[in-house]
Amino acid sequence: MTTLAEAYKILAAVHVPTYEVLDLLQDARCRRLTPESAARLVELAVERASIAAIQLLPVVELLVKAQAAQKRAPKITLQLADGSKLVLKLVGERSTKPGTVTVTDGGSFESGTFYGRIYSNGTVEESRSWTPEVETALRQLAANPAVVAAQHGVATGSCCFCCRPLSTKESRSVGYGPDCASKYGLPWGDTTVADEAHAAAVEAQAAAIETNLKATFAAIAEKRKAADAEHQAAWHPRNDDPLIDELAVSPARHSANTTFEQSKGRYTGSRRAGD
Ligand SMILES: [Zn+2]
């Protein structure tokens, strides 16, 4: 039964008990496991452990920061692609697991969907309702809270932190209000996320134009070089021409030493007195 021990070890490494594997382990205690089912068990443990290893510490930190700044329990309401809600809430001292973040659809305890829980160290315990869409949304929020919050605000017209409608033009363009920005430690005002995104877009465009220009200039230079070479080959004497050698050896004879008078004389046939 070394494989069963492996499954235990994998789960213990991430400190998160997961119901499905635990159920199977419970089963395994009651009956003899075939090698196939033991292997499946290890596979499941690895799968569950990888979900538990998702690092969502920034999400927890975001909510803990807000808790220090406001009385009510901090909450983030996002929207999944299918239009359903995704609500993250930092649970209080009176809960059975204080300091953890519940991930739900915002419904009541009886009728709502409980997707899972994020522990204070950022690891996840998923429930049976956990979906890849939930996972993606949480990963995006952890990676860039300001952008996700802004996208929600721009798309829905309400702040994902306090759920109030975004009343001013500025708030609507940023995607969340100034109060929530300061509570959750997100940028707002002079340097808004929208500005940063715009600046990044402009920079990218400028870089693209420059690359394009460089390519165009290089192509023109290449064409000119080819045309020059063609012209040279068609109209100019080759390097072994004796005239070229003569010019290279004493170019002065053909230029500076030939005075205006001399050249005039040459053409007119007249000579100066004394010559
Ligand atoms: Zn707000």
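Please read all numbers here as calculations on a predicted model, not as lab measurements.

Asks: Account for the overall build of the protein chain, with residues named and values stated.
Replies: Per the secondary structure count, the protein chain includes eleven helices and five strands. Evaluated residue by residue, the protein chain yields a buried proportion of 21% over its 275 residues. Restricting the contact set of the protein chain to residue pairs at least 6 apart, pairs at least 24 apart contribute 46%.

Asks: Explain the pairing of strand β1 (residues 75-79) to me, using residue names and the numbers behind them.
Replies: Residues of β1 alternate between two faces, with Ile76 and Leu78 buried on one and Lys75, Thr77 and Gln79 left unburied on the opposite face. Two strands pair when backbone bridges link them, and β1 and strand β2 (residues 85-90) are joined in this way by five bridges, in the antiparallel orientation. Across the sheet, lysine 75 pairs through a bridge with lysine 89, a residue of β2.

Asks: Please give an account of the environment of alanine 73 that cites residues and values.
Replies: Within the secondary structure layout, alanine 73 lies in the loop between α4 (57-69) and β1. Judged by C-beta crowding, with 13 C-beta atoms within 10 Å, alanine 73 ranks as partly exposed. Residues alanine 73 and leucine 90 lie 17 residues apart in sequence; the distance between their C-alpha atoms is 6.3 Å. Contact partners of alanine 73, with chain neighbours within four places excluded, come to Lys89, Leu90 and Gly92.

Asks: Break down the sheet that holds strand β5 (residues 124-126) for me, with residues and values.
Replies: Read across the sheet, five strands follow the order β1-β2-β3-β4-β5 without closing on themselves; strand pairing throughout is antiparallel. The open sheet is flanked by β1 and β5, the only strands paired with a single partner. Neighbouring strand axes in the sheet, compared pairwise and without regard to direction, differ in orientation by 15° on average. As judged from the three bridges shared by strand β4 (residues 114-118) and β5, these two strands associate in the antiparallel manner. Paired with isoleucine 118 across the two strands is valine 124, which belongs to β5.

What counts and what doesn't
- Residues numbered from 1 in each chain as written.
- Predicted model: local features only at pLDDT ≥ 70, side-chain atom pairs only at ≥ 80, totals over all residues.
- Helix = DSSP H or I, 4+ residues; strand = E, 2+ residues; numbered from the N terminus.
- Buried ≥ 20, exposed ≤ 12 C-beta atoms within 10 Å, placed from the backbone.
- Contact = placed C-beta atoms within 7 Å.
- Pairing = 2+ DSSP bridges.
- Axes fitted to C-alpha atoms, helices over the stretch in contact; angles between N-to-C directions.

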